[in-house]
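Listed below are the residues making up each chain.
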Amino acid sequence: LWIERGPGSAFVFKRGHDGSFVETARLTASDGTPETLFGSHGAIYDNLAAVSAPLVDVFGAVYLFKTDDEWVTWTQVAKLVPTEPHYFFGMALSLDASLLAVAASDVNVLSSDRAALGTGAVFAYTHTGDYVAMVEASDGSFGDEFGSDVSIDSGLLVVGAPRHSGGGQAYVYDTKTWAEVARLNSTVEGEYFGRAIDVKDNTIVVGSNLYGLADGAPGCAEV
């Protein structure tokens, strides 16, 4: 049985006055090819959308799209690739009012093959696609999955490393200096702490999709 796989798409939906959502656009990469996982992750802020393809061009890429007509017509304005050789670039994305954060986990967390290729990194860009900075874990090791998830807001960047020794870890960076200002650990023996991350108005939530040591135990989130 042969299954034809396409290059992937991202769909834009807009909420109407009656509360329903209507599809307004379908985004595709200008150089899209099959098996690149375009659409693995997406982020949107105002009139900017970012869509990742973590298997394109060896290391992965992120495509930026903009709209000027109420989210109907979108134009690809940039294709971002890592400035340093980190794999699976675009494994997680986050946008705030001025910056885009792109994670390169160096581990394909979308596959059963989790062979480590590096320690992971997160790259920051302006909304126009200009490179700003790169951050890495101060104590990173191969296979930590640093960049499994990422969130940026109000001057803080938070990055999850769920396979860091001890059950996982989350790193907090100041986006003015890009200095690492904190490392968070689970207080309740959560496993894979950092698998899910979000930050808003100086409050951080970190998910552990396994809580306790036994496989299949319920997950938890810590604030």
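Structure: see above.
For every chain, the first residue of its written sequence is number 1, and the numbers climb from 1 along that sequence. Totals for whole chains, interfaces and linings use every residue, but because this is a predicted model, local features are given only for residues with pLDDT of at least 70 and side-chain atom pairs only at 80 or more, for both listing and counting. As a convention, hydrogens and water are excluded, and side-chain values are obtained from all of the structure's heavy atoms.

In this structure, what is going on with the packing of aromatic side chains? I would like to understand it.
Each pair of aromatic rings is reported with the distance of its centres and the angle of its planes. What counts as a ring pair is set by centres within 6.5 Å for rings of Phe, Tyr and Trp (its six-membered ring), and what kind of pair is set by the plane angle: stacked under 30 degrees, edge-to-face over 60, tilted for all other angles. Scanning the entire structure with this criterion turns up six aromatic pairs. Ring geometry for Phe38 against Tyr63: centres 5.5 Å apart, planes inclined by 70 degrees, an arrangement best described as edge-to-face. Of the two residues, Phe38 is situated in the loop between strand 2 (21-27) and strand 3 (42-45) and Tyr63 in strand 5 (residues 61-67); the sequence distance between them amounts to 25 residues. Tyr63 gets classed as buried once you look at its relative accessible area, which sits at 1%. Between Tyr125 and Tyr131, the aromatic rings sit 6.0 Å apart at their centres with planes inclined by 70 degrees, giving edge-to-face as the arrangement. The classification of residues rests on relative accessible area computed with a 1.4 Å probe and restricted to protein chains. Under 20% of the type maximum is buried, over 50% is exposed, and intermediate values are partly exposed. The class for Tyr125 is buried, based on a relative accessible area of 2%. Secondary structure elements follow DSSP: runs of H or I of four or more residues count as helices, runs of E of two or more count as strands, with numbering from the N terminus.

Would you explain empty space enclosed by the protein in this entry?
Using a probe with the size of a water molecule, rolled over the atoms, empty space left in the structure can be pinpointed. A pocket here means an open set of points on a 1 Å grid, computed over the protein atoms alone, that has protein on both sides within 12 Å along at least five of seven lines. A cavity is instead a set of points where a 1.4 Å probe fits but cannot get out; residues with an atom within 4 Å of a point line either one. Grid points are joined across faces, edges and corners, and a volume is the space filled by probe spheres set on the points. By the definition in use, this model includes one cavity of 30 Å³ or more. Empty space within the largest cavity amounts to approximately 40 Å³. As for the largest cavity, its lining consists of Ala101, Val122, Phe123, Ala124, Ala133, Met134, Val135, Ile152, Leu157 and Trp178. At the level of secondary structure, the elements contributing two or more residues to the lining of the largest cavity comprise strand 9 (121-126) and strand 10 (131-135).

Even after reading the chapter, I still don't get the side chain of Ser148, so can you show me in this structure?
For Ser148, the position within the fold is in the loop between strand 10 and strand 11 (150-153). With relative accessibility at 9%, the residue Ser148 sits in the buried group. Contact between two residues is taken to exist if any of their heavy atoms lie within 4.5 Å; hydrogens are not considered. The contact partners of Ser148, leaving out residues within four places of it in the chain, are Met91, Ala92, Ser105, Val109, Gly160, Pro162 and Arg195.

For this particular structure, what's the right way to read the sheet that holds strand 11?
Backbone hydrogen bonds are what pair the strands of a sheet, in a parallel or an antiparallel way. The four strands lie next to each other as 11-12-13-14, forming an open sheet whose pairing is antiparallel. Of all strands in the sheet, those with a lone pairing partner are strand 11 and strand 14 (180-184), marking the two edges. Pairwise comparison of adjacent strand axes, ignoring direction, gives a mean angle of 15 degrees for this sheet. At least two bridges found by DSSP between two strands are what make those strands a pair. Note on definitions: angles span 0 to 180 degrees between N-to-C directions of axes, and those axes are lines fitted to C-alpha atoms, for helices only across the stretch in contact.

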